[in-house]
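Chain residues, written in single-letter form:
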Amino acid sequence: MNRTTLSLIAGATALAAVTGFAALSAPDTPGADTTAKAAAQLPVERTSLLCPAPSLSDIAETSYTSFTPVTKGTGSGGKAELQAAAQESKDGSNAGGGKGKDDGKSGERKTEKPVLTPKEPGKPVTGDSSGAESPALVGTADGRFAPGWTVQETTEVAAGTGRGLQGVNCTAPDTSFWFPGASTAADRTDYVHLTNPDDSAAVVDIELYGKDGALQSTVGEGITVQPHSTDPVLLSTLTDAKQTNLTVHVNVRSGRVGAAVQALDDKLGGDWLAASADPSGSLVLPGIPKDATSVRLVAFTPGDADADLKVRLASPSGLITPAGHETVHVKGGMTTAVDLGDVTRGEAGSLVLTPTDRSVPVVAALRVIRGKGDKQETAFIPATRPVGTRATSADNTAKGSTLSLTAPGRAATVEVTASAGSEGGTPVSKTYTIKAGTTQDIEPPVPSGLKGTYALTVEPKSGGPVYGARTLAATEGGVPGFTVQTLPDDRGTVAVPEADEDLSVVQK
């Protein structure tokens, strides 16, 4: 008698490992425990990341850093590489440089040498480019390089609009992105960068919401992003309205894209505005620099219902309510901005937003300014997911990096590991305790014998959820350039839940 056992549990496990999908839910209360019981945590087997074209400035200097933390349970095979996003039509012209139309030409993908090719997990690899012709990058990683793969893009612009330090984590493609904090004001030049990694065209709608609601525009509807190409869309071409504070919604009708907003100011420098966490009743915006001279909160609720939010600052000593800004009222479908001034008053801080009554989903971001007079620089901090199982920040140097961690609910213990350097050095780990309701700025550990740049990996070990951000600072020409990247869970593993019953099917 031949007996074949078909296990549905094993099938689900294999599917999760191949696709890399995980079910994640954001709690309505920051600090709520989000850990779900699972039979196993399996490493993802394939990851995609997209890096936007870094700058339109001829004097821009851009560095890329790729890093994969060592993950248990992976095999010895796999690879990772980043290549220029390039789409050439049959006549050889570039089909991805503007707000393109689908002209029916299939085109052929231009094959170029990879910009970065990591050699092994646990050691960063760096690359660089210069000038306005630096392309967007499309990257894939599989096998042992996929779990937790992180790529940081950092650009220095010495002068002109948006001068200063601009940084962004390259992100996975998706179908919906929210960007509170964009602008079409006269002194701002904001682009939405759309990058399509796939073999078929993507169709995208860009919706704009100002202080009085949706801005009417047909120009932002049905934007076609060609395969393996990037499309920087200037916001001021989508509307005639001059709005100081805007919320941008990128909604993908077909396909998928990577999206980020490049916000450039004539006087206040500039930086990348990454997407906010998905709409939620409660939000955490971590890592406000302690020497911030101006902080502006921009919030938006996508529904018709208004949101009333309690505003608190997680300081080194606990949760406090900023004087004069105890609550913020966000009207449904309208962008609300609140200037909080120097809210941190010289101490580390993170903003915690919770509902005063009923919970209404909200997205939010902070515009942060350091410096005074003609030596001011800007960065953005979007609301973010918790660190979860693990998060990584690449492109750190011996000086200039600050790691900010906050535990808005229960106290938490985290382990921070400094990787080997890109050109040499030995990894080192250190454990920190973050008290309940506080934010702690730490001078991160540095690899022994460091040469080059290194990565920081944060892993919570016990306690409540932790939120994090890394600030990278560099002074150019007396201007305090800086950029802030949040540290959400890297989705490097997939939780496979336990079954309550035996789902095996026995076939005789």
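Scroll up to find the structure this text is about.
Predicted, not measured: the structure shown is a model, and the values here were computed from it. (Residues numbered from 1 in each chain as written. Predicted model: local features only at pLDDT ≥ 70, side-chain atom pairs only at ≥ 80, totals over all residues. Heavy atoms only, no water.)

J.: Tell me what's going on with the overall build of the protein chain, and back it up with residues and numbers.
T.: Secondary structure summary: the protein chain contains one helix and 41 strands in total. Evaluated residue by residue, the protein chain yields a buried proportion of 52% over its 508 residues. Of the roughly 21800 Å² of accessible surface on the protein chain, a fraction of 48% belongs to carbon and sulfur atoms. (Helix = DSSP H or I, 4+ residues; strand = E, 2+ residues; numbered from the N terminus. Buried < 20%, exposed > 50% of the residue type's maximum accessible area, 1.4 Å probe, protein only. Areas by Shrake-Rupley, 256 points an atom, 1.4 Å probe, with all protein chains shown as cover.)

J.: Explain the state of the cysteines to me, and be specific about the residues and the numbers.
T.: Taken as a whole and assessed by the stated rule, the structure comprises one disulfide. Linked covalently through their sulfurs, Cys 51 and Cys 170 form a disulfide whose S-S length is 2.0 Å. Because the torsion about its S-S bond is 110°, the bridge between Cys 51 and Cys 170 counts as right-handed. Remark: Cys 170 occurs in the loop between strand 11 (164–169) and strand 12 (176–182) and Cys 51 occurs in strand 3 (residues 46–51); sequence separation between them is 119 residues. The pair Cys 51 / Cys 170 is uniform in exposure class, with both members buried. (Disulfide = S-S within 2.5 Å.)

J.: Report on the sheet that holds strand 35 (residues 438–442), specifying residues and quantitative values.
T.: In spatial order, the strands read 35-31-38-39; together these four strands make up an open sheet with antiparallel pairing. The open sheet is flanked by strand 35 and strand 39 (479–486), the only strands paired with a single partner. For this sheet the average axis-to-axis angle between neighbouring strands, irrespective of direction, equals 20°. Inspection of the sheet shows strand 31 (residues 401–407) paired to strand 38 (residues 467–476) by six bridges, in the antiparallel sense. In the strand pairing of strand 38, Ser 404 is matched with Ala 469. (Pairing = 2+ DSSP bridges. Axes fitted to C-alpha atoms, helices over the stretch in contact; angles between N-to-C directions.)

J.: How would you summarise the sheet that holds strand 37 (residues 454–463) if you had to cite specific residues and measurements?
T.: Judged by pairing direction, the sheet is antiparallel, and its four strands sit side by side in the order 30-37-32-34 without closing on themselves. Of all the strands in the sheet, the pair left with one neighbour each is strand 30 (391–396) and strand 34 (428–434). Taken over all neighbouring pairs, the strand axes of this sheet differ in orientation by 25° on average, direction set aside. Relative to strand 37, strand 32 (residues 412–418) runs antiparallel, the two being bridged by seven bridges. Pairing of Glu 415 across the sheet is with Glu 459, part of strand 37.

J.: Any details on the nonpolar core? Residues and values, ideally.
T.: Within the largest apolar cluster, 29 residues are counted, with the highest numbers of intra-cluster contacts made by Leu 285, Leu 297, Leu 351, Leu 353 and Leu 366. The element that contributes the greatest number of residues to this core is strand 23 (residues 307–315), accounting for four residues. Not counting the four nearest positions on each side in its chain, Leu 285 is found in contact with Ser 350, Leu 351, Leu 353, Ala 364, Ala 365, Leu 366, Ile 381, Pro 382 and Ala 383. If you look at the next biggest cluster of nonpolar residues, it comprises 26 residues, including Ala 202, Ile 206, Val 225 and Ala 263. (Core = buried A, V, L, I, M, F, W, Y, C linked by side-chain atoms within 4.5 Å. Contact = heavy atoms within 4.5 Å.)

J.: Break down the packing of aromatic side chains for me, with residues and values.
T.: If you walk through the whole model with that rule in mind, you get four aromatic pairs. Considering the side-chain rings of Trp 178 and Tyr 209, the 6.4 Å spacing of their centres and the 35° angle between planes classify their relative orientation as tilted. One end of the pair, Trp 178, is in strand 12; the other, Tyr 209, is in strand 14 (residues 202–210), and 31 residues separate them in sequence. Note on Trp 178: relative accessible area 10%, which makes it buried. Tyr 209 gets classed as buried once you look at its relative accessible area, which sits at 16%. Between the NZ or CZ atom of Arg 370 and the centre of the ring of Phe 482, over which it lies, the distance is 5.0 Å. (Phe/Tyr/Trp six-rings, centres within 6.5 Å; stacked < 30°, edge-to-face > 60°. Lys NZ or Arg CZ within 6 Å of the ring centre and 35° of its normal.)

J.: Could you give an account of the side chain of Glu 377, with specific residues and numbers?
T.: Here Glu 377 is to be found in strand 29 (residues 377–382). Buried charged residue Glu 377 carries no salt bridge. Nearest counter-charge: Arg 163, at 4.6 Å. For Glu 377, the side chain forms a polar contact with the main-chain nitrogen of Leu 165, separated by 3.0 Å. A polar side-chain atom of Glu 377 sits 3.3 Å from the main-chain amide nitrogen of Phe 482. (Lys, Arg positive; Asp, Glu negative; His and termini not counted. Salt bridge = Lys/Arg side-chain N within 4 Å of Asp/Glu carboxyl O. Polar contact = N/O pair within 3.5 Å; in protein donor to acceptor, adjacent residues only side chain to side chain.)

J.: Before we move on, can you summarise the pattern of salt bridges with the specific residues and values?
T.: Tallying each qualifying case throughout the model produces eight salt bridges. Notably, a salt bridge pairs Asp 205 with Arg 253, separated by 2.9 Å at the nearest N-O pair. Taken together, the residues Asp 205 in strand 14 and Arg 253 in strand 18 (residues 246–254) connect sequence positions 48 residues apart. For Asp 205, a relative accessible area of 11% translates into the label buried. As a salt-bridge pair, Asp 339 and Arg 296 come within 2.8 Å of each other at their nearest N and O atoms. On the criterion of sequence distance, the pair formed by Asp 339 in strand 26 (residues 336–341) and Arg 296 in strand 22 (residues 294–300) is long-range, its members being 43 residues apart.

J.: Now, about unusual backbone geometry: what can you tell me, with residues and values included?
T.: Trans peptide bonds make up the majority, and among non-glycine residues the majority have a negative phi. Positive phi values are uncommon outside glycine, yet Arg 345 reaches one of about 50°. Tracing the chain through its elements places Arg 345 in the loop between strand 26 and strand 27 (349–355). Among the residues examined, Arg 345 registers a relative accessible area of 68% and is labelled exposed.

J.: If you had to explain the environment of Ala 241 to someone new, which residues and values would you point to?
T.: For Ala 241, the position within the fold is in the loop between strand 17 (229–234) and strand 18. Separated by 57 residues in the primary sequence, Ala 241 and Thr 184 have C-alpha atoms spaced 7.3 Å apart.

J.: Report on the environment of Glu 347, specifying residues and quantitative values.
T.: Relative to the elements of secondary structure, Glu 347 occurs in the loop between strand 26 and strand 27. Look at Glu 347 and you get partly exposed, because its relative accessible area is 40%. A C-alpha to C-alpha distance of 4.5 Å links Glu 347 and Lys 290, two positions 57 residues apart in sequence. Filtering out sequence-adjacent residues up to four positions away, Glu 347 remains in contact with Lys 290, Ser 315 and Pro 316.

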